[in-house]
Amino acid sequence: MGIAVESSLDVSPLVIGGREFRSRLMVGTGKYASNSDMVHAIEASGAEVVTVAVRRVDLNRANEEGILNHLDASQFFLLANTAGCYTADDAIRYARLARAAGFNEWVKLEVIGDQETLLPDTAGLLEATRTLAAEGFKVMAYTNDDLITALRLEEAGAVAVMPLASPIGSGLGMLNPYAIRTIKKRLSVPVIVDAGVGTASDACVVMEQGVDGILMNTGIAAASDPVRMATAMRQAVEAGRLAYLAGRMPRREVAVPSSPLTGMLDS
Amino acid sequence: MIQSPEAGEMITLMVNGAPRELERDSTVAGLLGSLRIDPRLVIVEHNRTILRDRDAYASLALSDGDVIEIVHFVGGG
């Protein structure tokens, strides 16, 4: 074995809602400069789960903006989101529309409460999670980094809880590692950090908290070179996961020499 | 049953938020065809009911005042 770090050292696969996924990095498909940039970046990311949004067909442009004209749906696990929904009823409607597309019964549930921060409306989120879980949906719930909301979402039937690192599209990285760690420690369902990861070091630190995966979009799509950044993110997620599994050394406030104190020459 | 005597009698529907005139007895399949939309790539909602069965597109007749939403997957996070 060479010195290269193999992702196979991560012995436990990611399992959500009874389904095994090959990558802990999930990526969005929005905001790319071109469809070919998107496809190449997604391939470089190694992601299996790829999120999409549900929108009206622009009747003047027919099929050209539909993502399935560009992305081979058989190569990826399409995860529809309810982005842009501000009420539980809207989010439920979008989720049902997405399921009718016939790919799967999974949904990345968003119920947004505020336009400026895109922070979730947690009351609406819980209501929609209950309804959709009862209808057989596998709900992955985008939420804030509040432990109590995360616990309630698990009780409501979410198959994964997705706390934010920082607001959607902000690229601010993880603002509250303690909150993310606490959510991971207390939940039984997988915790996938969603939103706010801006660069590879952000992704690495998030994974070092022990969470099960990361979903990101803008961090890759808005990079100057999305394909390079997608590769960096893939490696950072793997590195952070391995570092978590390896167990970091304790922090000390004083120096401890790495070289022997004995065997020094006489002065 | 009243047969429309005049060929080309039209009905008006709301399609994706805009009014659109169609010939009476048009179907969902006909609407999609006239818009050059591949039915496999879209989901259709008819008066707030999602049409889960694409085979039903050809038999579902549209009426004056119907509200149709045609959606698909686009890039998103």
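Residues numbered from 1 in each chain as written. Chains lettered and ligands numbered in written order. Predicted model: local features only at pLDDT ≥ 70, side-chain atom pairs only at ≥ 80, totals over all residues.

Chemist: Sorry, what's going on with the overall build of chain A here?
Modeler: Along chain A, the regular secondary structure elements total eight helices and 10 strands. Scaling as 2.2 N^0.38, a compact globule of 267 residues should have a C-alpha radius of gyration of about 18 Å, and chain A matches this with 20 Å. Principal-axis analysis of the C-alpha atoms gives chain A an extent of 85 × 40 × 35 Å. Out of the 267 residues belonging to chain A, those deemed buried represent 44%. Sequence-distant contacts in chain A: of pairs separated by 6 or more residues, those separated by 24 or more amount to 62%. (Helix = DSSP H or I, 4+ residues; strand = E, 2+ residues; numbered from the N terminus. Rg over C-alpha atoms; globule rule 2.2 N^0.38 Å. Buried ≥ 20, exposed ≤ 12 C-beta atoms within 10 Å, placed from the backbone. Contact = placed C-beta atoms within 7 Å.)

Chemist: So what exactly am I meant to see when it comes to the packing of helix α4 (residues 147-155) of chain A against helix α5 (residues 177-186) of chain A here?
Modeler: Helices that pack against each other are described as a pair by the angle of their axes relative to one another and the distance between those axes. Residues and elements named next belong to chain A. Direction vectors running N to C along α4 and α5 enclose 30 degrees, while the axes themselves pass 9 Å from each other. As summarised for this structure, α4 and α5 are arranged roughly parallel, according to the angle between their axes. As α4 packs across α5, the resulting crossing turns out to be right-handed. Residues L147, A150 and L151 of α4 touch α5, and the partners they reach there are A179, T182, I183 and R186. (Axes fitted to C-alpha atoms, helices over the stretch in contact; angles between N-to-C directions. Parallel < 35°, antiparallel > 145°, perpendicular 65-115°, else oblique. Left-handed = near helix turned anticlockwise from the far one by under 90°.)

Chemist: Honestly, the nonpolar core in this entry has me stumped. Any pointers?
Modeler: It is characteristic of soluble globular proteins that their nonpolar side chains tend to be buried jointly. If you look at the biggest cluster of nonpolar residues, it comprises 91 residues, and the most contacted ones within it are L109(A), I214(A) and M233(A). Each residue touching I214(A), except ones within four places of it in the same chain, is listed here: R24(A), L25(A), I192(A), V193(A), V197(A), A203(A), V206(A), M207(A) and V237(A). (Core = buried A, V, L, I, M, F, W, Y, C linked by C-beta atoms within 7 Å.)

Chemist: Would you mind showing me how to read the interface of chain B and chain A here?
Modeler: Reports often express the size of an interface as the amount of accessible area lost when the parts come together. On the chain A side, the residues contacting the 21 residues of chain B number 28 residues. The set of elements that each furnish at least two residues to the side of chain B that touches chain A consists of β3 (43-46) and β5 (67-75) of chain B. Along the lines of polarity and charge, the residues of the side of chain B that touches chain A split into 11 nonpolar, five polar and five charged. (Nonpolar A, V, L, I, M, F, W, Y, C, P; charged D, E, K, R; others polar.)

Chemist: Could you clarify how one ought to interpret α4(A) in this entry?
Modeler: Residues spaced three or four apart along an α-helix face the same direction, because each turn holds 3.6 residues. Residue and element names in this part refer to chain A. Taken residue by residue, α4 has T149, A150, R152, L153 and E154 as its buried positions. Of the surrounding elements, those touching the buried residues of α4 are α3 (122-134), β7 (138-143), β8 (160-163) and α5. Immediately downstream of α4, the backbone of G157 shows phi near 110 degrees, a positive value.

Chemist: How should the environment of S36(A) be read in this particular structure?
Modeler: Residues and elements named next belong to chain A. Tracing the sequence through the fold places S36 in helix α1 (residues 35-45). The class of S36 is exposed, set by 10 C-beta atoms lying within 10 Å. Sequence separation between S36 and L71 is 35 residues, and the spatial gap between their C-alpha atoms is 9.3 Å.

Chemist: Even after reading the chapter, I still don't get unusual backbone geometry, so can you show me in this structure?
Modeler: Leave glycine aside and you will find that most residues have negative phi; peptide bonds, for their part, are mostly trans. With a phi angle near 55 degrees, L118(A) is a residue other than glycine that sits in the positive phi range. Residue position: L118(A) is located in the loop between β6 (106-109) and α3. With phi around 75 degrees, D25(B) is a residue other than glycine that occupies positive phi space. Residue placement: D25(B) occurs in the loop between β2 (18-23) and α1 (28-34).

Chemist: Looking at this structure, I do not really get the pairing of β7(A). What am I missing?
Modeler: Residues and elements named next belong to chain A. Burial within β7 is extensive, with five of its six residues counted as buried. Strand direction decides the pairing type here: β6 and β7, joined by four bridges, are parallel. Along β7, the bridge assignment pairs W106 with K138. Between the parallel elements β6 and β7, the chain passes through α3 in a crossover that is right-handed. Relative to β8, β7 runs parallel, the two sharing four bridges. If you follow Y142 over to β8, its bridge partner there is M162. Remark: the β7/α4/β8 crossover connection has right-handed handedness. (Pairing = 2+ DSSP bridges. Right-handed = clockwise from strand over helix to strand, strands pointing away.)

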